[in-house]
Amino acid sequence: RTSIIAAANPVGGHYNKGRTVSENLKMGSALLSRFDLVFILLDTPNEDHDHLLSEHVMAMRSGKKGMLSSATVTRNNAEDPNTSILDVVSDKPLSERLKAVRGEHIDVIPHQLLRKYVGYSRQYVHPKLSPEAAS
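Residues numbered from 1 in each chain as written. Predicted model: local features only at pLDDT ≥ 70, side-chain atom pairs only at ≥ 80, totals over all residues. Heavy atoms only, no water.

Attention shifts here to the overall build of the protein chain. The secondary structure content of the protein chain amounts to six helices and zero strands. Helices and strands appear in the protein chain in the N-to-C order α-α-α-α-α-α. Relative to its full complement of 135 residues, the protein chain shows a buried share of 12%. When the accessible area of the protein chain is evaluated, it comes to approximately 12,100 Å², of which 56% is carbon and sulfur surface. (Helix = DSSP H or I, 4+ residues; strand = E, 2+ residues; numbered from the N terminus. Buried < 20%, exposed > 50% of the residue type's maximum accessible area, 1.4 Å probe, protein only. Areas by Shrake-Rupley, 256 points an atom, 1.4 Å probe, with all protein chains shown as cover.)

This is the structure we're talking about:
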């Protein structure tokens, strides 16, 4: 057995919800049927988000990693570098706390905490697929 992950862009660059997956990708149903799972990721147009994302990519690719831009996200209060914004007590709902305002610095998951999590997972987490899930 083998696993294959593939990606495809829709014909014309935009996914038409009125067409089937096969029609949108110009991929024959015989080939498409060989995939067990098909995920459709739709990009909802958002000019502000697209601007921040392109600015971030350009900064990373041009080697200006240390330069602050509106897409740079870091910590606002550096009291404890292992404290996530998710752990900070606040009256605001989580959706409001996660919104990054231009120029604001937020680190949702601190680098050190993420490293610890990945290290722990590699050592102690060993998922097994049950026979009924495999069938």
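At Lys-26, a residue that is not glycine, the phi angle is positive and equals roughly 50 degrees. Relative to the elements of secondary structure, Lys-26 occurs in the loop between α1 (21-25) and α2 (29-32). We classify Lys-26 as exposed; its relative accessible area is 68%.

On to the environment of Leu-37. Within the secondary structure, Leu-37 sits in the loop between α2 and α3 (47-61). The class of Leu-37 is exposed, set by a relative accessible area of 62%. Separated by 32 residues in the primary sequence, Leu-37 and Ile-5 place their C-alpha atoms 9.7 Å from one another.

It is worth spelling out α3 at this point. In a regular helix each residue adds 1.5 Å, so 15 residues correspond to 21 Å; α3 covers 21 Å between its end C-alpha atoms and thus fits that length. Where α3 begins, the capping side chain belongs to Asn-46, and its oxygen is found 3.1 Å from the backbone nitrogen of Asp-48. Looking one or two places after α3, you find Gly-63, whose phi comes out positive at around 80 degrees. (Expected span 1.5 Å × (residues − 1). Polar contact = N/O pair within 3.5 Å; in protein donor to acceptor, adjacent residues only side chain to side chain.)

What follows concerns a nonpolar patch on the surface. On the surface, a nonpolar cluster with roughly 450 Å² of combined accessible area is contributed by Ile-109, Leu-113, Leu-114, Tyr-117 and Val-118. Inspection of the secondary structure assignment puts Leu-113 in helix α5 (residues 111-124). Accessibility expressed as a relative area gives 34% for Leu-113, which makes it partly exposed. (Patch = residues over 30% accessible without salt bridge, like charges linked within 9 Å, V, L, I, M, F, W, Y side chains within 5 Å. Salt bridge = Lys/Arg side-chain N within 4 Å of Asp/Glu carboxyl O.)

Our next topic: α5. Helix length check: α5, at 14 residues, gives a terminal C-alpha distance of 20 Å against a target of 20 Å (1.5 Å per residue), a fit within 8%. The buried fraction of α5 is low, at zero of 14 residues.

Once that is clear, we can look at the side chain of Asn-24. Here Asn-24 is to be found in helix α1. Among all residues touching Asn-24, those that are not within four sequence positions of it are Pro-10, Val-11, His-14, Tyr-15, Asn-16 and Arg-19. (Contact = heavy atoms within 4.5 Å.)

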